[in-house]
Amino acid sequence: MSESTLFPGLFEAVPDALIVVDGDGRIVQANAQAERLFGYPQGGLEQVAIEQLIPASARDRHRDHRARYMRQPHVRPMGVTGQSLIGQRLDGAQFPVEIALSPIDSGQGPRYLASVRDISETQRARQALVRARYDALAARIGQLALEAQDESAVVDHVPALLAAALDTPVVAVVFVADDRQSVATRASIGLDEAAAASRSPIGFDREALLARIAEGETLVVEDLADDAGGRFPLVAAGSGSAALLPLSDRGRPMGALLVVSSQPRHFDHDALHLLQSVANLIAAFVQRRRTEEQLAHSQRLDAIGQLTGGIAHDFNNLLTVLSGSLQLLEMECEQKPEASELIASALRSVGRGAELTGKLLAFARRQRLMPQAVAVPALLRDVETMLQRTLGDSVRLYVRCEDDLPPAYVDPTQLDAALVNLSLNARDAMPRGGEITVEAGVHQVGDHAGDGELAAGRYVRISVTDTGRGMAPEILARAMEPFFTTKEAGRGSGLGLSMAYGFAKQSGGHLRIDSTLGYGTRVALFLPAAKALAAAASTVAATRAQGKGETVLVVEDDGAVRNIAVAFLRSSGYRVLAVASAEAALQHLSDDESIALLFSDVMLGEGMNGKELAIAARGLRPRLPILLTSGYETDAAAEPATTAEAFELLRKPYRREQLAAAVARALDPLADERAAPQ
């Protein structure tokens, strides 16, 4: 019986394409439906190698699969391969197919029957259903993000949802730690949860995973068994496939979505599109939440700062009255040693109170800064020398500076105080000793970097790192609030970090704290870089001249403080007029041309403040000397908005000699130059 007479009626009656091949893989018989399906003319398929009916890229793989099948032939129904099969027409067009296989005993050697079905329409319908299911999942995660109160309400649900949708055993969401040196599993399914307490993804190579995330690119491995280069960061890669999709935060990877399947080539285009959509949703949600948290934290600190600044203002007025009254008593009791000693002790306490309000004003960003270009290496050498005597033998101090470090544009006194406070805090976090490392380097923020807390520009970064106990998240959230401390009574005021934070923000920089309980703390100051070092200021001897009866107009709304200022000025040889409001002061200036100087508080209650009064006074008398004072240095104490001339500011509480010297300078600005050595 010839090949052409095998099953003639059956071949043409079956609606599927039927092809019979021999042991060499050549077609010995095909029905008309097969010829139409693959685009061949009548009889054109005979003696054609079966591999010609599939794409060239898959022919070697198909040839191996055919050889294995022919060694162990069996009936294989359609749809059980678990993978996509592609056919290729004579003109090169490709289309999806399903194939059933059966061995045939023909008496003429081994023969194999292939039943081929075009499933283009079926596959399109399946793809549409899959895409609809994927779109519904992405929409559900988006809805969770809209309704969620925190990150966990979204991130914790993602692994289970994706595992069910993609039929994968392992899904994990990991984040990079703030120090960029480690990764932590945030949510997962299919991992060893008991071992997950180690804070690193179980089953993944920690260092390799961190490196892959840092690359910021999607990684898909179609067959882990062929991943000879170990591109995917699995500890022990078996068979299957895997995908890693980075979670991006303003262009910088902050974590990754990892999915592992037990099946090779499991992730088709639609699955990868779903994973990318979910990764984008997670990244956007986490980024938004973190931005909201930063904003809320900043607003809370600003609110506390306003309250703190107001308290400091009132407290400084009280200190001014106390200090002034004690100084006046000191003058009266010069011949009474016992009384003088008591007064001196009280004045020292007033001084400590003034230091306290200074720290409060630093946090409230209301201190008066005198920024200049500061050589950071030289300043750190001075701080190192002082700290080595202070920290104790159980603490090892290391100070490092990058080469070619630019100068910082800051108030050197405040920077010195901030570094000392941070170092002492670090020491207190290590009761049994440890290491403190102070490092200085350059930090660049690009125009489009979106750093959040820092504007684009060049900064000097000075960090203080300890090996102490670290802070729990709830402690870290309040660390910069004034008077918040975990130290025992008498060991600290809780103002060190808050003062450093306020100083950094007022200087145009920022302060960041990275801390993990049990792993120490790192506090980084970011300070604007200067273009060049400032020239050394010449030392000029202070002049302590007495007044010669000049008239000084005092403007102060607090009666007790006003009386102290009047007493100080009269004891220094001046004639004094005193009023409580800006309106009354302007009236005096209009009526009395003998007024030689205006001395006003900045904060004057209702009506004009001291700065506005000063500008109005200059409008009446352009050459009038003006001296301002304040215990609460708001923008009103800054340079006038409508003139290029700044008014000198005397900070409360002030001593009698400080007021006298400031008034003398205002009345005769050239006095110091005449007194300086030639």
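Going by the structure above, here's the rest.
Residues numbered from 1 in each chain as written. Predicted model: local features only at pLDDT ≥ 70, side-chain atom pairs only at ≥ 80, totals over all residues. Heavy atoms only, no water.

Novice: What's the story with the overall build of the protein chain in this structure? I'm lost.
Specialist: Each helix and strand in the protein chain was counted, giving 18 helices and 22 strands. Across the 678 residues of the protein chain, 45% fall into the buried class. Approximately 34,700 Å² of the protein chain is accessible, and the part contributed by carbon and sulfur atoms is 51%. (Helix = DSSP H or I, 4+ residues; strand = E, 2+ residues; numbered from the N terminus. Buried < 20%, exposed > 50% of the residue type's maximum accessible area, 1.4 Å probe, protein only. Areas by Shrake-Rupley, 256 points an atom, 1.4 Å probe, with all protein chains shown as cover.)

Novice: What exactly am I supposed to notice about helix α14 (residues 559-571) here?
Specialist: The α-helix advances 3.6 residues per turn, and as a result positions three or four apart in sequence lie on the same side. With 13 residues, α14 extends 18 Å between its outermost C-alpha atoms, agreeing within 8% with the 18 Å of an ideal straight helix rising 1.5 Å per residue. Within α14, the full set of buried residues consists of V561, R562, I564, A565, V566, F568 and L569. One side-chain oxygen of the residue at the start of α14 lies 3.1 Å from the amide nitrogen of A560, identifying that residue as D558. Looking one or two residues past α14, G573 carries a phi angle of roughly 95 degrees, positive in sign. (Expected span 1.5 Å × (residues − 1). Polar contact = N/O pair within 3.5 Å; in protein donor to acceptor, adjacent residues only side chain to side chain.)

Novice: What is the right way to look at the packing of helix α10 (residues 376-390) against helix α11 (residues 412-428) in this model?
Specialist: For any two helices packed against each other, the geometry comes down to the angle between their axes and how far apart the axes lie. Running from amino to carboxyl end, α10 crosses α11 at an angle of 40 degrees, the nearest separation of the two axes being 11 Å. Considering the relative orientation of α10 and α11, their crossing is right-handed. The segment α10 lies against α11, with L379, L380, V383, M386, L387 and T390 engaging P412, L415, D416, L419, V420, S423, L424 and R427. Classifying every residue of the contact of α10 with α11 gives 10 nonpolar, 2 polar and 2 charged. (Axes fitted to C-alpha atoms, helices over the stretch in contact; angles between N-to-C directions. Left-handed = near helix turned anticlockwise from the far one by under 90°. Contact = heavy atoms within 4.5 Å. Nonpolar A, V, L, I, M, F, W, Y, C, P; charged D, E, K, R; others polar.)

Novice: What's the story with the packing of aromatic side chains in this structure? I'm lost.
Specialist: The geometry of an aromatic ring pair is captured by two quantities: the separation of the ring centres and the angle between the planes. Applying the stated criterion to the full structure yields 4 aromatic pairs. Lying over the aromatic face of F95, R89 brings its terminal NZ or CZ to 4.1 Å of the ring centre. The ring of F526 carries R512 above its face, with NZ or CZ at 4.9 Å from the centroid. (Phe/Tyr/Trp six-rings, centres within 6.5 Å; stacked < 30°, edge-to-face > 60°. Lys NZ or Arg CZ within 6 Å of the ring centre and 35° of its normal.)

Novice: Any chance you could explain the environment of D314 here in plain terms?
Specialist: Assignment of secondary structure puts D314 in helix α8 (residues 269-332). With relative accessibility at 47%, the residue D314 sits in the partly exposed group. It is 9.9 Å that separates the C-alpha atoms of D314 and D558, two residues lying 244 residues apart in sequence.

Novice: What am I meant to see in the sheet that holds strand β16 (residues 510-515) here?
Specialist: Within a sheet, each strand pairs with its neighbour through backbone hydrogen bonds, oriented either parallel or antiparallel. Taken together, 5 strands build an open sheet; the order of strands is β12-β14-β15-β17-β16 and the sheet is mixed. Two strands lie at the open edges of the sheet, namely β12 (395-401) and β16, each paired on one side alone. Here the average twist between neighbouring strands, direction ignored, is 20 degrees. Examined bridge by bridge, strand β14 (residues 434-445) and strand β15 (residues 457-466) share 10 bridges and lie antiparallel to one another. Opposite Q444, over in β15, you have R458 as the bridge partner. Relative to β12, α10 is tilted by about 175 degrees, and along the sheet it contacts β12, β14 and β15. Packing of α11 onto the sheet brings it into contact with β12, β14, β15 and β17 (521-528), and relative to β15 it is tilted by some 30 degrees. (Pairing = 2+ DSSP bridges.)

Novice: What's the story with the nonpolar core in this structure? I'm lost.
Specialist: In a soluble, globular protein the nonpolar side chains are often hidden away together inside. Ranked by size, the top nonpolar core spans 37 residues in total, and within it L415, L419, I436, I462 and L525 carry the most contacts. At 6 residues, helix α13 (residues 496-506) tops the list of elements feeding residues into this core. Contact partners of L419, with chain neighbours within four places excluded, come to L379, L380, V383, I462, V464 and L525. Residues A138, V154, L161 and L274 belong to the second largest nonpolar core, which totals 32 residues. (Core = buried A, V, L, I, M, F, W, Y, C linked by side-chain atoms within 4.5 Å.)

Novice: Is there a simple way to think about the side chain of E35 in this case?
Specialist: Following the sequence through the fold, E35 ends up in helix α2 (residues 32-38). Discounting residues that sit within four places of it in the chain, E35 has contacts with A30, Y40, P41, Q42, G43, G44 and L45.

Novice: Is there a simple way to think about the sheet that holds strand β18 (residues 551-555) in this case?
Specialist: With respect to topology, 5 strands assemble into an open sheet ordered β19-β18-β20-β21-β22, the strand pairing being parallel. Two strands close off the open sheet at either side, each with one partner strand: β19 (575-579) and β22 (648-651). Recorded for the sheet is a direction-independent mean angle of 25 degrees between the axes of neighbouring strands. With 5 bridges joining them, β18 and β19 adopt parallel strand pairing. In the strand pairing of β19, V555 is matched with V579.

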